[in-house]
Amino acid sequence: MNNKEQNNDTISRKEAIKKIGNYSKYVSLTALGTYLILNPQEAQAQSPEAPGTGF
Amino acid sequence: MKNNTSFLYKPLEDKTITWFENSNKYLVLENTTADILKRLSKGVSVEEIAKALSKKLNVPLDKTIDFILDLEKKIYASKSTKKSNFLNDYRDIEKPTYFEFTKFYKINNLVFKVAFSSEYELYLVHPKFAHLEIENSENITHEFLVFLNNKYVFFYVDKNFIGAWSNKDIHYFQGKFSMELIQKIHQKEEHEWMGVFHASAVSNTEKTILFLGDSGNGKSTSLALLQANGFTCLADDFVPIANKNIHVYSFPAAISIKKNSVETLLPLYPELQNSAEYHFKRFNKIVRYLKPNNTDFYSHLPCNDLVFIKYEKESDLQVRQISKIEAFQELVPDSWLSPLKENAQKFLDWFHQINCYQITYSNNTKMIDTVSKIFKNNIDKN
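Residues numbered from 1 in each chain as written. Chains lettered and ligands numbered in written order. Predicted model: local features only at pLDDT ≥ 70, side-chain atom pairs only at ≥ 80, totals over all residues. Heavy atoms only, no water.

Novice: Please explain the overall build of chain B as it appears in this structure.
Specialist: What chain B contains, in helices and strands, is ten helices and 22 strands. Each principal axis of the C-alpha distribution contributes one length, and for chain B these read about 75 × 60 × 35 Å. In chain B, which comprises 382 residues, the share counted as buried stands at 53%. Contacts in chain B between residues at least 24 apart in sequence constitute 66% of all its contacts with a sequence separation of at least 6. For chain B, the computed accessible surface area is about 18,300 Å², with 46% contributed by carbon and sulfur atoms. The distance from the centre of the 48 positive side-chain charges to the centre of the 46 negative ones in chain B is 3 Å. (Helix = DSSP H or I, 4+ residues; strand = E, 2+ residues; numbered from the N terminus. Buried < 20%, exposed > 50% of the residue type's maximum accessible area, 1.4 Å probe, protein only. Contact = heavy atoms within 4.5 Å. Areas by Shrake-Rupley, 256 points an atom, 1.4 Å probe, with all protein chains shown as cover. Lys, Arg positive; Asp, Glu negative; His and termini not counted. Charge placed at Lys NZ, Arg CZ, Asp CG, Glu CD.)

Novice: Help me out: how do you make sense of the nonpolar core in this one?
Specialist: One broad trend across soluble globular proteins is that nonpolar side chains are buried collectively. Core analysis: the largest hydrophobic core is formed by 76 residues, its most contacted members being B:Y26, B:F197, B:F328 and B:W350. A total of seven residues in this core trace back to one element, the largest contributor, which is helix α5 (residues 170-186) of chain B. Once residues lying within four places of it in the same chain are set aside, the contact partners of B:F328 are A:L38, B:L12, B:I17, B:Y26, B:V28, B:P333, B:F347, B:L348 and B:F351. The next biggest cluster of nonpolar side chains, apart from the first, holds 27 residues, and it includes B:V262, B:L290, B:I309 and B:I359. (Core = buried A, V, L, I, M, F, W, Y, C linked by side-chain atoms within 4.5 Å.)

Novice: What's the story with the sheet that holds strand β6 (residues 133-134) of chain B in this structure? I'm lost.
Specialist: Strands in a sheet are paired, the pairing made by backbone hydrogen bonds, and the direction either parallel or antiparallel. Residue and element names in this part refer to chain B. If you trace the six strands from one edge of the open sheet to the other, you get β6-β4-β5-β7-β8-β9, paired in mixed fashion. Each of the sheet's edge strands pairs with one partner strand only, and the pair in question is β6 and β9 (160-166). Note that strand β4 (residues 101-107) and strand β5 (residues 110-116) share seven bridges and pair antiparallel. If you follow F101 over to β5, its bridge partner there is F116. The sheet strands contacting helix α4 (residues 119-129) are β4, β5, β6, β7 (142-149) and β8 (152-157), and the helix crosses β4 at an angle near 20°. (Pairing = 2+ DSSP bridges. Axes fitted to C-alpha atoms, helices over the stretch in contact; angles between N-to-C directions.)

Novice: I'm lost on the side chain of B:T221 in this one. Help?
Specialist: For B:T221, the position within the fold is in helix α6 (residues 219-227). Apart from the residues lying within four places of it in its own chain, the contact partners of B:T221 are B:S261 and B:L265.

Novice: How should I be thinking about the pattern of salt bridges in this particular structure?
Specialist: Oppositely charged side chains are able to pair whenever their charged atoms sit close together. Residues and elements named next belong to chain B. Under the counting rule described, the total for this entry stands at 14 salt bridges over all chains. Among the salt bridges present, the one from K74 reaches D70, with a minimum N-O distance of 4.0 Å. Residue K74 and its partner D70 are located together in helix α3 (residues 61-78), separated by four residues, close to a single helical turn. In this structure D70 comes out as partly exposed when scored by relative accessible area, which is 39%. Of the charged contacts, one joins K259 and E277 as a salt bridge, the two residues approaching to 3.6 Å between their closest N and O atoms. Here the residue K259 occupies a position in helix α7 (residues 259-265), and E277 occupies one in strand β17 (residues 277-280), the gap between them amounting to 18 residues. Overlapping salt bridges, with partners in common, bring together K259, E277 and R288 in one network. (Salt bridge = Lys/Arg side-chain N within 4 Å of Asp/Glu carboxyl O.)

Novice: Before we go on, may I ask you to explain unusual backbone geometry in this structure?
Specialist: All names here are of chain B. Even without glycine at this site, N24 takes up a positive phi of about 55°. Position of N24 relative to the elements: it lies in the loop between β2 (15-20) and β3 (25-30). Residue classification places N24 among the buried residues on the basis of a relative accessible area of 10%. Within the chain, Q187 stands out as a residue other than glycine whose phi angle is a positive 55°. Relative to the helices and strands, Q187 is located in the loop between α5 and β10 (193-197).

Novice: Looking at this structure, how should I read the environment of B:Q318?
Specialist: Residues and elements named next belong to chain B. Within the secondary structure, Q318 sits in strand β20 (residues 318-321). Taking C-alpha positions, Q318 is 5.6 Å from I359, a pair spaced 41 residues apart along the chain. Beyond its immediate stretch of four places on either side in the chain, Q318 contacts Q358, I359 and T360.

It is worth stressing that arrangement in space is one thing and function is another; only the former is reported here.
Given below as structure tokens:
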């Protein structure tokens, strides 16, 4: 009985590739939706070098 | 048909950079994604785009429809995040009647009279320009006022209010001060600049190379080494590029040298020994200022090379051409880029044709030799 259940849980290599194959389609969609947003500075700036209490 | 004037597209390596006019943002997209946006903005229906995508990727149509709707939502949402500006009416601000310090700076044939209400404002500006100071002059061309009021630093140029900044944003005041200076020196208004880069610009007589890198990587030290070896310092820390000719323009400020670089540079610049040391406690920085060797503050040169430089103790010299997408990601967030469409297009076109390198070094002679090769277009690009 136990053995039978175990057998039901495992799949063959061929089946596994087939299953991944189905999902890998969506991987390409996910990649298309992945992007980077870059914001330039809103105003001209200099390196932060403001005096502290040293003055 | 949707209005498509608010985007710019530029292929770069295996991606497409997309610029949004409404927010001045740059997105690094997959080519197909940029294509989807392009078609959406042209008014092509979601269904039509989704059908093509479904065929191309062999994915069910309902998934591609969801994908495009979601993409549209995300991208359009990301452009409407512009911060609302805090409005204030500064017309009633009373200018102080007494200014503790008044300095005169001569740049080319211009004389700037700058009045500071106290020592605090003086030290925000003066150390970088002290080498340009002259005695009292009668031929003043521009008058700048810098004063503190209600914990804000106020800035006026020739009686016009320019802005007010809190202590937290003080590097924007310093940036604006520099911007006003270059506008006067080079006779160009803000809209005539493509951008201002946080870099060091080293030049020979024909061209300039921009050195970039995080604070502490040795940009300014490398610049000081190079200007002692036949090159010119065109600009340090604040590198303006004009939109007309895409040239880097001279910026006359001094080079800030951190305490731990002084020893390396002393043999080349004995004057550093006795120059004033400034403690920027807030940033845990101790710096001295070194005069740039440029004498012609009208000068401007083309730039086709970016170098990300890094000093690394005991490292062998390494130089390689790097991915431009990677360089773009480093450059943009650290730069002011003009929000005008025409200028954004010029920036994208310029970036598309430049070379990007990375140099890691510990031996100064080898670094100078490598930079000389880049100037001569004589570098092994691998």
